[in-house]
Amino acid sequence: MLQRQSTIISTIMSTYKAPVTASLLPSTTPATTTAALSTAAEILKLGGLVAFPTETVYGLGASALSEEAVKSIYAAKGRPSDNPLIVHVASREMLHDLIPGGEEGIPELYKPLLDRFWPGALTLIFPLTLANGRAPPRSTVARSVTCGLPSLAIRMPSHPLALALIKACHLPLAAPSANLSSRPSPTTAQHVLHDLGTNRGVGAILDGGSCQVGLESTVVDLVLETGELRVLRAGGVSVEDLSECLRKAGFDGVEKGKRGIKVYKKDFTSQELEDKPTTPGMKYKHYSPSNSRVVLVKRRQTSPSDPTATTTAVPSLSDVIHSSLPSPSSPPQHQYVGLMLSSQTLSLYPLGPPTPSPTLFANPTPLPSLSNTNLSVLPYSIGSASRPLEAAQRLFSGLRYFDSLDLGAGKVGVDLIVLECVDEVGVGLAVMERARKAAGGEVELEFV
Ligand code: TXA
Ligand code: MG
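Keep in mind that what you see is a predicted model, and the values were worked out from it rather than measured.

**Digging into the overall build of the chain**
Here is step 1 of the chain: Helix and strand counts for the chain stand at 15 helices and 16 strands.
Here is step 2 of the chain: Counting only residues that meet the buried cut, the chain has 55% of its 448 residues in that class.
Here is step 3 of the chain: For the chain, the share of sequence-separated contacts (at least 6 apart) that also reach a separation of at least 24 residues comes to 73%.

Below, the structure is given as structure tokens:
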């Protein structure tokens, strides 16, 4: 066993720098998990890249302390070099080592958030300035992690494999989402393999199955001068939960506006943030499928007491589909539509198969009620309309599923993805923020 282990490691040492295809490391049994973790940790210690699961999305990790390793993250993803990275830690001690003043350097407002949401889907931005005579951090991250900003984004993921990997290599890991830049974030190891598996310099992909949250962490920073908390990116921890946590910790008024939690694009905007891409996804294109057009739809809830219901002509879903499809080529080819709708809306189109997960799409069955000889409409449930956690889990997976669907005769990806809006409460806020970016705008088409 030792012999075998050392053979694996020496192979890694000689090949990890430029593997053509990343090895997919399964972690299905305790033995495979241990072997996969030690191989992955070895690659990281040697300055290589490893993709790993977190509870939010898969990350593409490298040692945050090595400039060369961090630069290779940007190269692998095709990521603009001015978009800073989150550093992942596995303990409070690792956090203390990365910020000026150590434990003393943690802002008061962050303490209840750390206690409540770490490990978990919350990224906090810490100032790196040496205010109040604070000692410099014990560990200095590579300049490319922060892109020279005087602040550092840090998160402690809760996924056991992510935590075990960080502990095994004893390194803070810089890790953006493990997708090609501008594509939807990956929520399975296969998504990572699809985007970064070949000729991208990724040493290994640790396979931990599907991510539980399904979209990225909430990114929060603190404006030191005003004591204001800003949500730069809505994510897996809801704004309501952040407010509630601070209120319980005695920070009254935080949620009332005086020192309120402000949500980017809702409560404030800033040209500075727009220009410098420190607000995730603002400056650059994000979450876009490459083969399919995405439109957002909203079901008009009609009631007999609604006077506009009869006077305004609201199109049917079929009308919306036909008016949104790219014009057919000549001679007309068969067109495909992916319908990402709530389970309630899908139930209005009977005869379709139940579609709880994309794995059931091996042989997609068109919805007969909306399909015709030139058109196949394929259903995908984003879960119950009243449970945005389900939509969060299924959003990226569905976009990727339809965008990479092999439709035969060289055609990959459906022509159109129709995505139903969810209520912007809880993680619904983050779902809709991603959905709008995927659709490239704010337009929501109503249907009855
Ligand atoms: O859930 C997540 O956050 C995932 C997993 C892998 O942890 N990571 C992730 O990383 O989504 P990424 O790079 O795709 O998004 C992180 C965002 C960046 O777009 C960047 O704008 C922002 O966090 N960010 C990083 N450092 C920052 C800083 N110092 N100030 C402001 N924003 C920062
Ligand atoms: Mg990303």
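**Describing empty space enclosed by the protein**
Here is step 1 of the chain: This structure, assessed with the given rule, holds 1 cavity of 30 Å³ or more.
Here is step 2 of the chain: Quantified by volume, the largest cavity comes out at close to 30 Å³.
Here is step 3 of the chain: For the largest cavity, the full set of lining residues is Ala 234, Gly 235, Val 237, Ser 238, Val 239, Gly 426, Leu 429 and Ala 430.
Here is step 4 of the chain: Split into classes, the residues belonging to the lining of the largest cavity amount to 5 nonpolar, 3 polar and no charged.

**As for the packing of aromatic side chains**
Here is step 1 of the chain: For the structure shown, the criterion picks out 3 aromatic pairs.
Here is step 2 of the chain: Ring geometry for Tyr 110 and Phe 126: centres 5.2 Å apart, planes at 80°, overall edge-to-face. In this pair, Tyr 110 is assigned in helix α5 (residues 110-117) and Phe 126 in strand β5 (residues 122-127), connecting sequence segments 16 residues apart.
Here is step 3 of the chain: Ring centres of Tyr 380 and Phe 402 lie 6.0 Å apart, and the angle between their planes is 70°; this geometry places the pair in the edge-to-face category. Placement of the pair is Tyr 380 in strand β14 (residues 375-381) and Phe 402 in helix α14 (residues 388-403), with a sequence separation of 22 residues.
Here is step 4 of the chain: Overall, the relative accessible area of 1% leaves Tyr 380 in the buried class.
Here is step 5 of the chain: Phe 402 sits in the buried class, given a relative accessible area of 0%.
Here is step 6 of the chain: Connected via pairs of aromatic rings, a cluster forms that spans Tyr 380, Tyr 401 and Phe 402.

**Quick notes on the sheet that holds strand β15 (residues 416-420)**
Here is step 1 of the chain: The strand order β14-β13-β15-β12-β16 describes an open sheet built from 5 strands, whose pairing is parallel. Two strands bound the open sheet, and with one partner strand each, they are β14 and β16 (444-447). Each strand of the sheet is rotated relative to its neighbour by a mean of 30°, with strand direction disregarded.
Here is step 2 of the chain: Sheet analysis places strand β12 (residues 293-299) next to β15, joined by 5 bridges and oriented parallel. Bridged to Val 295 within β15 is Val 418.
Here is step 3 of the chain: The strands touched by helix α12 (residues 317-324) are β12, β13 (335-341), β14, β15 and β16; relative to β16, the strand with the most contacts, the crossing angle is about 145°.
Here is step 4 of the chain: Those strands touched by helix α15 (residues 428-439) are β12, β15 and β16, and its axis lies near 135° from that of β12.

**Thoughts on the nonpolar core**
Here is step 1 of the chain: Counting 116 residues, the largest nonpolar core has Tyr 110, Leu 113, Val 145 and Leu 165 as its most contacted members.
Here is step 2 of the chain: Tallying contributions element by element places α14 first for this core, with 7 residues.
Here is step 3 of the chain: Apart from the residues lying within four places of it in its own chain, the contact partners of Leu 113 are Trp 118, Leu 122, Leu 124, Leu 229, Leu 242, Cys 245 and Leu 246.

**Topic: helix α9 (residues 239-248)**
Here is step 1 of the chain: Every buried residue of α9 is accounted for by Val 239, Leu 242, Ser 243, Cys 245 and Leu 246. Across the axial projection of α9, the buried residues extend over an arc of 160°, all falling on one side.
Here is step 2 of the chain: If you follow the buried residues of α9, they end up packed against α5, β5, β9 (218-223), β10 (228-233), β11 (261-263) and α15.
Here is step 3 of the chain: Positive backbone phi, approximately 95°, marks Gly 250, located one or two places after α9.

**Examining the environment of Ser 63**
Here is step 1 of the chain: Examined against the element boundaries, Ser 63 turns out to sit in strand β3 (residues 59-63).
Here is step 2 of the chain: The spatial distance from the C-alpha of Ser 63 to the C-alpha of Val 87 is 9.1 Å, given a sequence separation of 24 residues.
Here is step 3 of the chain: At 3.1 Å, the side chain of Ser 63 forms a polar contact with the backbone nitrogen of Leu 65.

**Structural notes on the pattern of salt bridges**
A side chain of one charge can pair with a side chain of the opposite charge if their charged atoms are brought near each other.
Here is step 1 of the chain: All told, the structure shown has 21 salt bridges when counted by the stated rule.
Here is step 2 of the chain: Across the pair Arg 434 and Glu 433 runs a salt bridge whose closest N-O atoms are separated by 2.5 Å. Comparing Arg 434 with Glu 433, the two get one shared label, buried.
Here is step 3 of the chain: Close ionic contact of Arg 436 with Glu 442 constitutes a salt bridge, the shortest N to O distance being 3.7 Å.
Here is step 4 of the chain: Shared partners join several salt bridges into a network, and the residues in it are Lys 298, Glu 424, Arg 436, Glu 442 and Glu 444.

**Structural notes on the environment of Ala 76**
Here is step 1 of the chain: Secondary-structure assignment places Ala 76 in helix α3 (residues 67-77).
Here is step 2 of the chain: Here Ala 76 falls in the buried class, since its relative accessible area comes to 2%.
Here is step 3 of the chain: Measuring from C-alpha to C-alpha, the distance between Ala 76 and Gly 201 comes to 6.4 Å, with 125 residues separating the pair along the chain.
Here is step 4 of the chain: Each residue touching Ala 76, except ones within four places of it in the same chain, is listed here: Leu 49, Leu 60, Leu 180, Leu 196 and Arg 200.

**Describing the packing of α5 against α9**
Here is step 1 of the chain: In the contact formed by α5 and α9, the axes pass within 9 Å of each other and the chain directions differ by 115°. Between α5 and α9 lies a crossing of right-handed hand. Contact residues: α5 offers Pro 112, Leu 113, Arg 116 and Phe 117, while α9 offers Asp 241, Leu 242, Cys 245 and Leu 246.
Here is step 2 of the chain: Here the contact of α5 with α9 is built from residues that sort into 6 nonpolar, no polar and 2 charged.

**A few points about the sheet that holds β3**
Here is step 1 of the chain: Strand order in the open sheet formed by 11 strands is β1-β8-β2-β3-β7-β4-β6-β5-β9-β10-β11, and the pairing between neighbours is mixed. The outermost strands of the open sheet, each flanked by one partner alone, are β1 (23-26) and β11.
Here is step 2 of the chain: Where β1 meets strand β8 (residues 202-207), 4 bridges bridge the pair, whose relative direction is parallel. Across the sheet, residue Leu 25 finds its bridge partner in β8, namely Leu 206.
Here is step 3 of the chain: With respect to the sheet, α5 is in contact with β5, β9 and β10, its orientation differing from that of β5 by roughly 150°.
Here is step 4 of the chain: Helix-sheet contacts for α9 involve β5, β9, β10 and β11, and the interaxial angle to β11 is about 170°.

Calculation criteria
- Residues numbered from 1 in each chain as written.
- Chains lettered and ligands numbered in written order.
- Predicted model: local features only at pLDDT ≥ 70, side-chain atom pairs only at ≥ 80, totals over all residues.
- Heavy atoms only, no water.
- Helix = DSSP H or I, 4+ residues; strand = E, 2+ residues; numbered from the N terminus.
- Buried < 20%, exposed > 50% of the residue type's maximum accessible area, 1.4 Å probe, protein only.
- Contact = heavy atoms within 4.5 Å.
- 1 Å grid on protein atoms, 1.4 Å probe; cavity = no way out; pocket = protein on both sides within 12 Å on 5 of 7 lines; lining within 4 Å.
- Points joined across faces, edges and corners; volume = space filled by probe spheres on them.
- Nonpolar A, V, L, I, M, F, W, Y, C, P; charged D, E, K, R; others polar.
- Phe/Tyr/Trp six-rings, centres within 6.5 Å; stacked < 30°, edge-to-face > 60°.
- Pairing = 2+ DSSP bridges.
- Axes fitted to C-alpha atoms, helices over the stretch in contact; angles between N-to-C directions.
- Core = buried A, V, L, I, M, F, W, Y, C linked by side-chain atoms within 4.5 Å.
- Arc of directions from axis to C-beta.
- Polar contact = N/O pair within 3.5 Å; in protein donor to acceptor, adjacent residues only side chain to side chain.
- Salt bridge = Lys/Arg side-chain N within 4 Å of Asp/Glu carboxyl O.
- Left-handed = near helix turned anticlockwise from the far one by under 90°.

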